[in-house]
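Geometric and topological summary
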Amino acid sequence: MRLENQAGRLPEPPSPIADDGDEAHFCRTCAFAGACQAVGYGKLELRELHCLVEHVGPFRAGEYVFRTGNPFRAIFAVRSGTVKTSMVDKEGREQVLGFYLPGEVIGLNAIYPEHFPCDAIALETSYFCRFSFPAMSALAARMPAVQSHLFRLLSKELGSASLLAGDHSADERMAAFLTDLGQRYAARGFSGTQFQLSMSRGDIANYLRLAAETVSRVLSRFRAQNLIQVEGRQLLILDPAGLHHIGRSLLPD
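First, a word on scope: everything that follows refers to the structure included in this document. (Residues numbered from 1 in each chain as written. Predicted model: local features only at pLDDT ≥ 70, side-chain atom pairs only at ≥ 80, totals over all residues. Heavy atoms only, no water.)

**Description of the overall build of the protein chain**
On a plain count of helices and strands, the protein chain comes out with eight helices and 11 strands. Here the protein chain, with 253 residues, has 45% of them falling under the buried criterion. Within the protein chain, contacts between residues at least 6 apart in sequence are counted, and of these 73% link residues at least 24 apart. About 12,800 Å² of surface is accessible on the protein chain, with carbon and sulfur atoms providing 52% of the total. (Helix = DSSP H or I, 4+ residues; strand = E, 2+ residues; numbered from the N terminus. Buried < 20%, exposed > 50% of the residue type's maximum accessible area, 1.4 Å probe, protein only. Contact = heavy atoms within 4.5 Å. Areas by Shrake-Rupley, 256 points an atom, 1.4 Å probe, with all protein chains shown as cover.)

Here is the structure:
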């Protein structure tokens, strides 16, 4: 089913903003809320964790949240906006490592060697919760739910390279990428089928290790197959099952 407005254009999806909490309730996309609530910790029981949080931003598109080599003192949970992480090789070529959405955490790959190994760059106006990592580590030692969730976040970070591993086609990579984005938005309570691609086609191509022209051709092919509707950076997944089927070899069971 196509969802177009009267002018025949895709409607703007609601902006994913993780800022709907209060003194007693977590923001719905909080990176720690699910794990803590599952074992009975509410926000009132987590005053110590709350005291570790500093709201920072805005970071405008193109601004650095942190740079390669900066000392590691904190991790950042995205409240709103989108962030990419990347490295620059000795020849000055950028390699995009990942994209982070509201409720997701960046900076975990800096725990060792205690310096950030990559750049984190805002792709649109973004806000963050910054957690002092030494203080959080001390708190996690006393609160098993927080410690376990940190381990899960680390594990997820290590497993995120699966989209790039192996000899997979451009269609498989793109289908898995779009399906993964949709699932991550849905997990935070946003639409998993209609969202904005905050990253450029070039950044997507870089991340998937494809040519930018290939990304454009695959998106056009998916559109012709009625898998997606795309207009600029607005994306609507028309056939989630079909898209998942194409990318299934790169997606978790």
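**Regarding the nonpolar core**
Core analysis: the biggest nonpolar cluster contains 30 residues, and Val65, Phe66, Ile75, Phe76, Val83, Ile106 and Phe128 have the highest contact counts within it. Counting residues per element, the ones that place at least two in this core are β1 (53-59), β2 (64-66), β3 (74-80), β6 (105-106), β7 (119-122), β8 (126-132), α3 (133-142) and α4 (144-159). The next biggest cluster of nonpolar side chains, apart from the first, holds 29 residues, and it includes Ala170, Met174, Leu219 and Leu235. (Core = buried A, V, L, I, M, F, W, Y, C linked by side-chain atoms within 4.5 Å.)

**What to know about the sheet that holds β1**
Across the sheet, four strands lie side by side as β1-β8-β3-β6; this open sheet has antiparallel pairing. The sheet is open, and its two edges are formed by β1 and β6, each paired on a single side. As defined by bridge partners, β3 adjoins β6 across two bridges and the pair is classed as antiparallel. By the bridge assignment, Ala77 is partnered in β6 with Val105. The strands touched by α3 within the sheet are β3 and β8, with β8 carrying the most contacts at an inclination of about 60 degrees. (Pairing = 2+ DSSP bridges. Axes fitted to C-alpha atoms, helices over the stretch in contact; angles between N-to-C directions.)

**A short note on the packing of aromatic side chains**
Enumeration according to the criterion identifies 11 aromatic pairs in this entry. Relative to Phe116, the ring of Phe66 lies with its centre 3.8 Å away and its plane at 15 degrees, an arrangement referred to as stacked. Taken together, the positions of Phe66 in strand β2 and Phe116 in the loop between β6 and β7 put the pair 50 residues apart, joining distant regions of the chain. Given a relative accessible area of 3%, Phe66 falls into the buried group. Taking the relative accessible area as the measure of exposure, Phe116 reaches 5% and is therefore buried. (Phe/Tyr/Trp six-rings, centres within 6.5 Å; stacked < 30°, edge-to-face > 60°.)

**Topic: unusual backbone geometry**
Of the consecutive residues Gly57 and Pro58, the connecting peptide bond is found in the cis state with omega at 10 degrees. Among the structural elements, Pro58 can be located in strand β1. Its identity is not glycine, yet Arg209 carries a phi of approximately 60 degrees, on the positive side. As for its placement among the helices and strands, Arg209 is situated in the loop between α6 (201-208) and α7 (212-224). In this structure Arg209 comes out as partly exposed when scored by relative accessible area, which is 36%. With phi around 60 degrees, Asn226 is a residue other than glycine that occupies positive phi space. Assignment of secondary structure puts Asn226 in the loop between α7 and β10 (228-231).

**Some points on the pairing of β7**
The side-chain alternation of β7 yields two buried faces, one formed by Asp119 and Ile121 and the other by Ala120 and Ala122. As defined by bridge partners, β2 adjoins β7 across two bridges and the pair is classed as antiparallel. Directly across from Tyr64, in β7, lies its bridge partner Ile121. The pairing of strand β4 (residues 83-88) with β7 spans four bridges and is antiparallel. Residue pairing in the sheet places Val83 in a bridge with Ala122 of β7.

**Quick notes on the pattern of salt bridges**
One pass over the full model with this rule turns up eight salt bridges. A salt bridge links Glu54 to Arg130; the nearest nitrogen and oxygen atoms lie 2.7 Å apart. Remark: Arg130 occurs in strand β8 and Glu54 occurs in strand β1; sequence separation between them is 76 residues. Here Arg130 falls in the partly exposed class, since its relative accessible area comes to 28%. The structure contains a network of salt bridges with shared partners spanning Lys84, Glu94 and Asp203. (Salt bridge = Lys/Arg side-chain N within 4 Å of Asp/Glu carboxyl O.)

**Examining the sheet that holds strand β5 (residues 94-100)**
With antiparallel pairing, four strands are arranged side by side in an open sheet as β2-β7-β4-β5. At either margin of the open sheet sits one strand with a lone partner, and together these are β2 and β5. Looking at each pair of strands side by side, their axes are set apart by 30 degrees on average, direction ignored. With six bridges connecting them, β4 and β5 associate as antiparallel partners. Counterpart to Lys84 in the pairing with β5 is Phe99. Along the sheet face, α6 touches β4 and β5 and points at about 100 degrees away from the line of β5.

Purely spatial values, then, with no claim about function.
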